[in-house]
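# What the coordinates show
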Amino acid sequence: MRFAISLFTVLAIASIIGTVLKQNEPYANYIFQFGQFWFTVFQWMGLYDVYRTPWFVTILAFLVVSTGTCVYRNLPGMLREIRSYRENATEQSLRHFHHHGEFASHGNPTAILMQYLDVQGYRYRQQEQGGNLLIAAKRGSANRVSYLFTHSAIILICLGGLLDSNLPLKVEQAFGIKRLETRDIPASQIPAISRLSPDNLSFRGNVDIPEGESADVVFLNIADGYLVQDLPFKIALTKFHISHYSTGQPKSFASDIVILDKTTGKPLLTHTITVNHPLTYDGIAIYQASFGDGGTRLNLDGWNLFDHQGTPFLVTGAVHKSTTLAADNTRYTIEFTDFRPFNIENRGGDDQTQHDTRSVFGGSAVADKKNLHNVGPNFQYKVRRPDGQAREYSNYMLPIKVDGRWYLLSGMRDAPNEAFRYIRFPLDPDRTLTGFMRLRGAMLNPALFPQIAQRFAQSVLHDTNPATQAQLADSTVKILEIFSKGGYKTLSTFIANKIPAAQRDLAAQTYLKILALSAFEAYRMTQVQAGRPAPKADDATGWFIRDSLTAMNDIFFYGAPVYLQLSTYDEVKATGLQLTRTPGEFIVFGGSGLLVLGIFTGFFVRERRLWLLIKPDQVLFAMSSSRKTLDFEKDFALRKQHIMEILKEN
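One structure accompanies this document, and this report is about it. (Residues numbered from 1 in each chain as written. Predicted model: local features only at pLDDT ≥ 70, side-chain atom pairs only at ≥ 80, totals over all residues. Heavy atoms only, no water.)

## Quick word on the sheet that holds strand S26 (residues 618-625)
Quick note on the threshold: Between any two strands, at least two bridges found by DSSP are needed for them to pair. Secondary structure counts use DSSP, requiring at least four H or I residues in a row for a helix and at least two E residues in a row for a strand, with both numbered from the N terminus. Interaxial angle, 0 to 180 degrees, is taken between N-to-C directions of lines fitted to C-alpha atoms, where a helix line uses only the stretch in contact. By the convention used here, residues are in contact when the closest approach between their heavy atoms is within 4.5 Å.
The five strands lie next to each other as S1-S26-S25-S3-S2, forming an open sheet whose pairing is antiparallel. Sheet topology places strand S1 (100-104) and strand S2 (123-129) at the edges, where each strand pairs with a single neighbour. Strand-to-strand, the axes of this sheet are offset by a mean angle of 15 degrees, without reference to chain direction. Of the pairings in the sheet, the one linking strand S3 (residues 132-139) to strand S25 (residues 608-614) comprises seven bridges and is antiparallel in character. Opposite Ala-136, over in S25, you have Trp-611 as the bridge partner. Contacting S1, S3, S25 and S26, helix H15 (residues 630-649) runs over the sheet at an angle of about 165 degrees to S26.

Written as structure tokens, this is what we have:
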């Protein structure tokens, strides 16, 4: 019994873990969540597929065998005990009962005592014993059945668990008949050794279906690979519905699906699946599990961050697909990973966002006040270099107001477990990116440095002789060249290496002022050349210049030669369905119901046995129970009192 209780405790703990810890996820998700050390520990313990681990299945099988043996050995005797009235009890044995009593009687009280037993719900039998009459009565024999109910329930629950543990698949994997697939290839190219037939006994898999498309397979994540489970039908998604709370969290989502004949394509059933309301068809339950992007088509403006032009080029792509771009004699692969049509962010005050809107180099802190606001669509993608290394980016489509000024935000991170670091691209007075990009092209074009420097020198030394202006222009060209090679970092390195320590602060302030005023002249020059009005020398233009220089500095740490700006999109939603075939499910349900019935029977049905030995002038009363409880003591006293009163009145 102690060993069995220990096994049940292990199963209970394992079931809690299996409920709390999401099962059958790709191993990369667990490594990201727990780290390499704990991932290895939990993998060794089998916690990622706990209900199918060898030790869990072994415990279930052992409990089936051991509990079944107990039932087989004890059931015959228990049935005999239920049927028995023990009408062969002798007077001597009754007097040895702890709970017994003797009463004087007059006349024949047999009839009235039998009537009393009938009223109290006792069943009884009579037997003559040497001229005396023994009445053997009992009530609550169903208490004995609780043993059968509870032990049979344990067997059924364990059998259901074994049935859904997919033991045949485990055997096939052990003998190499089935092998996990680890390659990222289309389902149609999966070999037969990694596919399961529609007749597979049990499975639990997932599939994502974009709107307007269909699927006839699901994917079973197992260890570090997967298997493809063929379905006996097709599922087509006609429409996906989703609504949100004001916080941006999903409120409800549902899928309009059509079940199709796999051979003819004929519609068999139309149904809307919602969360917690699955559809069961052909023995397979279809659950609404998740949702995502189904391949939204993106039209983008690509801005080369290091060329000398200020014009974009067209880039098209779709989520879950990739394209290639060439920049700096290198071909990059752009992998589009996700799209969100809107983003509810906490903007704190009027001009703050919840995102860490600091640039890669530095920036402002985030407000603590809550002011939820939809900041519009964004998309995520990876830029992969020829060596296979990649960085992930998250770009917003709409301008975001930060500190009273408008920016386009682009986030970057090196690994999925890192937070995005955002670069701010400032917008010009027309709220476009063109003004900044033209200024950036001029500030990174060495051919324009003499012209920019000359305009700057003339603007600040217009009353000075040409030699002084030329000297200042030469110094300005030098500063522009240093900045164009690495931003503020190279300028800081130059100051540290060339300027005495005592003069560095003053030199840094001077260089930054020259850089800002030169950028203003470059901005005026590029705007006029583009046919735009010359910017005014006011605070708004001053902030635009400072933000532009910060953004130009940050592009050296951006990690990609191109910034992708979303111009238009055609959204395609996708539903995430989980399909399960669990033949042991109803067996477990039946076992659970039987277990509840057995527990209630054992606790709330009291077995009582009562004997009345009727003599000519005396009645011997005895009573017993399977459990000596306070309730039984009260019941015995009550029956004794009733019988005494009946005999007195007789």
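## Here we look at the packing of helix H11 (residues 488-498) against helix H12 (residues 504-529)
Selection rule: Two helices that cross are described as forming a left-handed crossing if the nearer one is turned anticlockwise from the farther one by less than a right angle, and a right-handed crossing if clockwise. Each residue is assigned to one of three groups, with Ala, Val, Leu, Ile, Met, Phe, Trp, Tyr, Cys and Pro labelled nonpolar, Asp, Glu, Lys and Arg labelled charged, and all others, Gly among them, labelled polar.
Between H11 and H12, the shortest axis-to-axis distance is 10 Å and the interhelical angle comes to 145 degrees. Handedness of the crossing formed by H11 with H12: right-handed. Contact with H11, carried on its side by Tyr-488, Leu-491, Phe-494, Ile-495 and Ala-496, involves Arg-504, Ala-508, Tyr-511, Leu-512 and Leu-515 of H12 and no other residues of that element. The class makeup of the residues in the contact of H11 with H12 is nine nonpolar, no polar and one charged.

## Regarding the layout of surface pockets
Convention followed: Cavities and pockets are defined on a 1 Å grid built over the protein atoms alone: a cavity is a set of grid points where a 1.4 Å probe fits but cannot escape, while a pocket is an open set with protein on both sides within 12 Å along at least five of seven lines, and lining residues are those with an atom within 4 Å of any such point. Grid points are joined across faces, edges and corners, and a volume is the space filled by probe spheres set on the points.
Of the volumes computed, that of the second largest pocket is approximately 430 Å³. Lining the second largest pocket are 23 residues, with Leu-427, Asp-428, Pro-429, Asp-430 and Phe-544 sitting closest to its centre. Those elements that provide at least two residues to the lining of the second largest pocket are strand S21 (405-413), H12 and helix H13 (539-554). Among the elements that make up the lining of the second largest pocket, the one with the highest residue count is H13 (five residues). The residue inventory of the lining of the second largest pocket, partitioned by class, reads 12 nonpolar, three polar and eight charged.

## Structural notes on the packing of aromatic side chains
Quick reminder of the rule: For Phe, Tyr and Trp, where Trp contributes only its six-membered ring, two rings pair if their centres lie within 6.5 Å, and the inter-plane angle classes them as stacked under 30 degrees, edge-to-face over 60, or tilted in between. Each residue is placed in one exposure class: buried if its accessible area under a 1.4 Å probe, protein chains only, is under 20% of its type's maximum, exposed if it is over 50%, and partly exposed if it falls in between. Geometrically, a lysine NZ or arginine CZ counts as sitting over a ring once it is within 6 Å of the ring centre and also within 35 degrees of the ring normal.
Summed over all chains, the structure comprises 36 aromatic pairs. When the ring of Phe-3 is compared with that of Phe-62, the centres are 5.5 Å apart and the planes differ by 80 degrees; the resulting orientation is edge-to-face. Of the two residues, Phe-3 is situated in helix H1 (residues 2-20) and Phe-62 in helix H3 (residues 54-83); the sequence distance between them amounts to 59 residues. Phe-3 gets classed as exposed once you look at its relative accessible area, which sits at 52%. With centroids separated by 6.0 Å and ring planes inclined at 70 degrees, the aromatic side chains of Phe-219 and Tyr-226 adopt a geometry described as edge-to-face. One aromatic cluster is present, formed by Tyr-27, Tyr-30, Phe-34, Phe-37, Trp-38, Phe-39, Phe-42 and Tyr-48 through successive ring pairs. Just above the ring of Tyr-407 sits the side chain of Arg-424; from NZ or CZ to the centre is 5.4 Å. Directly above the aromatic system of Trp-406 lies the positively charged group of Arg-431, at a separation of 4.2 Å from the ring centroid.

## Structural notes on the side chain of Asn-132
Here Asn-132 shows up in strand S3. Look past the residues within four positions of Asn-132 in its chain and what remains in contact with it is Gln-127, Leu-613, Ile-614, Lys-615 and Pro-616.

## A short note on the environment of Phe-97
Within the secondary structure, Phe-97 is located in the loop between helix H4 (91-95) and S1. Accessibility expressed as a relative area gives 22% for Phe-97, which makes it partly exposed. Here the alpha-carbon distance between Phe-97 and Phe-621, two residues 524 residues apart in the chain, equals 9.7 Å.

## Here we look at the sheet that holds strand S23 (residues 562-570)
Taken together, three strands build an open sheet; the order of strands is S13-S12-S23 and the sheet is antiparallel. One side of each edge strand has no neighbouring strand; the edge strands of this open sheet are strand S13 (313-318) and S23. Adjacent strand axes in the sheet meet at a mean angle of 30 degrees, parallel and antiparallel pairs treated alike. With six bridges joining them, strand S12 (residues 297-304) and S13 adopt antiparallel strand pairing. Bridging from a neighbouring strand, Leu-300 pairs with Val-315 of S13.

## Brief notes about empty space enclosed by the protein
Empty space among the atoms becomes visible once a probe the size of a water molecule is rolled across them. Considering all chains together, one arrives at three cavities of 30 Å³ or more under this definition. Roughly 130 Å³ of internal volume is contained in the largest cavity. Together, 14 residues line the largest cavity, and Asp-49, Arg-52, Leu-169, Leu-220 and Ile-222 are the ones closest to its centre. Listed by contribution, the elements that provide at least two residues to the lining of the largest cavity are helix H7 (167-174), strand S5 (203-210) and strand S6 (214-222). Looking at the lining of the largest cavity residue by residue, the class counts come to four nonpolar, six polar and four charged.

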